[in-house]
Amino acid sequence: MKGIGHVIRFVPIPQPELLVGPGSSRRLGEAIAAVGHARILIVTGGNISRMGLLKPLTDALDSGGARYVVFNDITPDAPLPLIEKGIEVFRSNACDAIVAFGGGSPMDAAKAIALAVANPGKSLRQLAGYFRGWRRPITLYAVPTTAGTGSEATVAAVIADPASARKLVLVDFRMVPKMAALDPDLMTGLPPQVTATTGIDALTHAVEAFISNWKTPQSDRMALSAVGLIFDNLRTAYQDGGNLAAREQMALAATQAGIAFTRANVGYVHAIAHQFGGRYHTPHGLANAIMLPHVLRHSLPAVTERLAQLAVCANVGSANEDPQELAGRFIGAVERLIADLDIPITLDALREADIPDLAAAALREAHTGYPVPRYMTQRQCEDLIREVLPSA
């Protein structure tokens with residue numbers, strides 16, 4: 001892991017060209033149309049189409065004479081069979097570019113399709129892991145409709161394999177979209193609970209990147225900025241969904257957090273959350289929110305100074321205060337934010353009998369891929385998960 005971390009620090013990771021602000025999805029459509037693609041596959045979900053959110057983009061594509069086909073079958077968790085269907089739609093329509101449009105699931109599905117169609121000799125399961133595709137993914141553009149995953153700036157795609165009840169992670173630096181539109185107009189209709197859990201997803205990305213053993217000066221800058229923006233704007237976006245300024249700032253925070261964890265990676269919160277998603281279909285942001293305070297308490301002895309910096313960034317303390325006090329105050333601020341957003345602190349679906357397997361799978365994921373600041377044992381992980389049992 002240390003060796004990988006040293007390599008990651010120096011490997012150039014692309015970042016998307018960002019179009020930011022109201023109407024930016026239309027401007028992205030104009031830019032894509034000007035490129036002259038043969039045909040574009042738009043990967044999204046059914047709700048996105050029904051809500052009319054695609055219209056600014058597709059109107060711009062129409063005006064520019066661009067040809068496209070909409071694949072709107074993606075459901076939560078981006079199930080592998082639907083991605084395979086999307087691959088067939090891409091091929092049968094002779095597409096040569098993809099627009100990912102939606103939340104985390106369409107984003108991840110689009111990335112997986114882009115990688116798979118460029119590497120026809122490999123199945124999606126064979127592409128899971130680090131850099132399994134020989135050829136560069138198909139050109140990808142992104143329009144996030146939630147402020148959470150930061151997938152418009154990341155190198156990874158997480159998809160569900162229903163046959164094994166597991167999440168598959170595909171990682172390739174070349175999967176970063178070429179351009180992305182952060183359009184707050186598309187986010188004003190999000191239900192408050194989606195705003196809440198996706199916002200905490202972004203917070204988790206930033207925090208885990210900041211306490212990671214692979215952190216860099218750049219990832220630190222992005223993570224600190226994201227944490228500040230989230231604490232300043234998430235409550236407002238939750239309480240007043242039509243507030244474009246708060247929505248735009250949250251979109252920027254999610255992208256910055258995505259850039260941060262693309263470089264520094266994540267940790268135990270994500271490792272456990274992925275197991276909840278794979279077994280119980282728990283929404284990823286909700287799973288992260290439930291586990292974040294517990295993992296921070298476990299990590300505290302190794303990251304006291306880092307959490308103290310986050311407390312200052314979140315405006316719950318000043319730099320001249322005791323680091324131990326500040327670190328504890330930051331964890332408390334995270335818990336208060338979660339409470340203010342009406343996010344549950346236990347997982348109703350969790351069963352005691354599942355905990356050993358969940359913990360073992362989480363540790364396997366974390367210890368083979370994540371630069372966690374303080375390791376935990378099987379028993380510690382089980383005890384941590386047990387804390388979120390509905391009867392606990």
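Just so we're clear, the structure is a prediction, and the values are computed from it rather than from any experiment.

**Student:** I'd love a proper account of helix 8 (residues 192–210), names of residues and values included.
**Tutor:** For helix 8, which comprises 19 residues, the first-to-last C-alpha distance of 27 Å matches the rise-based estimate of 27 Å (1.5 Å per residue) to within 8%. Among the 19 residues that make up helix 8, 16 are buried, leaving the element largely enclosed by the rest of the structure.

**Student:** Please set out the packing of helix 5 (residues 80–92) against helix 6 (residues 104–118) residue by residue, giving values where relevant.
**Tutor:** For the pair helix 5 and helix 6, the least separation of the axes is 9 Å and the interaxial angle reads 55 degrees. The orientation of helix 5 with respect to helix 6, classified from their angle, is oblique. Between helix 5 and helix 6 the crossing geometry is right-handed. Residues Ile 83, Gly 86, Ile 87, Phe 90 and Arg 91 of helix 5 form the contact with helix 6, whose own contacting residues are Ala 109, Ala 112, Ile 113, Ala 116 and Val 117.

**Student:** Explain the sheet that holds strand 7 (residues 156–161) to me, and be specific about the residues and the numbers.
**Tutor:** Pairing in this open sheet of three strands is mixed, and the strands run 5-8-7 from one edge to the other. Each edge of the sheet is formed by a strand with only one pairing partner; in this case those strands are strand 5 (129–130) and strand 7. Here strand 7 pairs with strand 8 (residues 166–171) via six bridges, running antiparallel. Its bridge partner lying in strand 8, Ala 156 is registered against Val 171. Contacts between helix 6 and the sheet are confined to strand 7 and strand 8, with strand 7 contributing the most and set at about 95 degrees to the helix.

**Student:** Just give me the short version of the sheet that holds strand 6 (residues 139–144), but keep the residues and values in it.
**Tutor:** Strand order in the open sheet formed by six strands is 1-9-6-4-2-3, and the pairing between neighbours is parallel. On the outer flanks of this sheet lie strand 1 (17–20) and strand 3 (68–71), each paired with one strand and no other. Neighbour-to-neighbour, the strand axes of this sheet turn through a mean angle of 15 degrees, independent of strand direction. Summarising the sheet, strand 6 and strand 9 (residues 179–182) pair through two bridges and their orientation is parallel. If you follow Ala 142 over to strand 9, its bridge partner there is Ala 180. This element, helix 6, spans strand 2 (40–43), strand 4 (97–102) and strand 6 of the sheet and lies at about 165 degrees to strand 4.

**Student:** An account of unusual backbone geometry is needed here, citing residue identities and associated values.
**Tutor:** Outside of glycine, negative phi angles account for most residues, and trans bonds account for most peptide bonds. Despite not being glycine, Asp 77 has its phi angle at roughly 80 degrees, a positive value. With a phi angle near 60 degrees, His 281 is a residue other than glycine that sits in the positive phi range. Its location among the elements puts His 281 in the loop between helix 11 (268–280) and helix 12 (284–313). What makes His 281 exposed here is its relative accessible area of 57%.

**Student:** Residues and numbers for the packing of aromatic side chains, please.
**Tutor:** Tallied over the entire structure, the rule returns four aromatic pairs. On the basis of an interplanar angle of 55 degrees and a centroid distance of 6.0 Å, the ring pair of Phe 231 and Phe 330 is categorised as tilted. Here the residue Phe 231 occupies a position in helix 9 (residues 217–239), and Phe 330 occupies one in helix 13 (residues 323–340), the gap between them amounting to 99 residues. Given the relative accessible area of 11%, Phe 231 is considered buried. A ring pair is formed by Phe 276 and Tyr 280, whose centres lie 6.4 Å apart and whose planes are at 45 degrees; its orientation type is tilted. Here Phe 276 pairs with Tyr 280, and both are found in helix 11, just four residues apart, close to one helical turn. No difference in accessibility class separates Phe 276 from Tyr 280, as the two residues are buried. Through a chain of ring-to-ring contacts, three or more aromatic side chains come together here, namely Tyr 130, Phe 131 and Phe 173. Positioned above the aromatic ring of Phe 210 is the side chain of Arg 306, whose terminal nitrogen or guanidinium carbon lies 3.8 Å from the ring centre.

**Student:** Describe in detail the environment of Thr 195, supporting the description with residues and values.
**Tutor:** Mapped onto the elements, Thr 195 comes out in helix 8. For Thr 195, a relative accessible area of 5% puts it in the buried group. In this structure the C-alpha to C-alpha distance between Thr 195 and Ala 147, which are 48 residues apart in sequence, comes to 7.4 Å. Beyond its immediate stretch of four places on either side in the chain, Thr 195 contacts Leu 190, Leu 234, Ala 237, Tyr 238 and Arg 247.

The rules behind each value
Residues numbered from 1 in each chain as written. Predicted model: local features only at pLDDT ≥ 70, side-chain atom pairs only at ≥ 80, totals over all residues. Heavy atoms only, no water. Helix = DSSP H or I, 4+ residues; strand = E, 2+ residues; numbered from the N terminus. Expected span 1.5 Å × (residues − 1). Buried < 20%, exposed > 50% of the residue type's maximum accessible area, 1.4 Å probe, protein only. Axes fitted to C-alpha atoms, helices over the stretch in contact; angles between N-to-C directions. Parallel < 35°, antiparallel > 145°, perpendicular 65-115°, else oblique. Left-handed = near helix turned anticlockwise from the far one by under 90°. Contact = heavy atoms within 4.5 Å. Pairing = 2+ DSSP bridges. Phe/Tyr/Trp six-rings, centres within 6.5 Å; stacked < 30°, edge-to-face > 60°. Lys NZ or Arg CZ within 6 Å of the ring centre and 35° of its normal.

That's the geometry; what it means functionally is another story.
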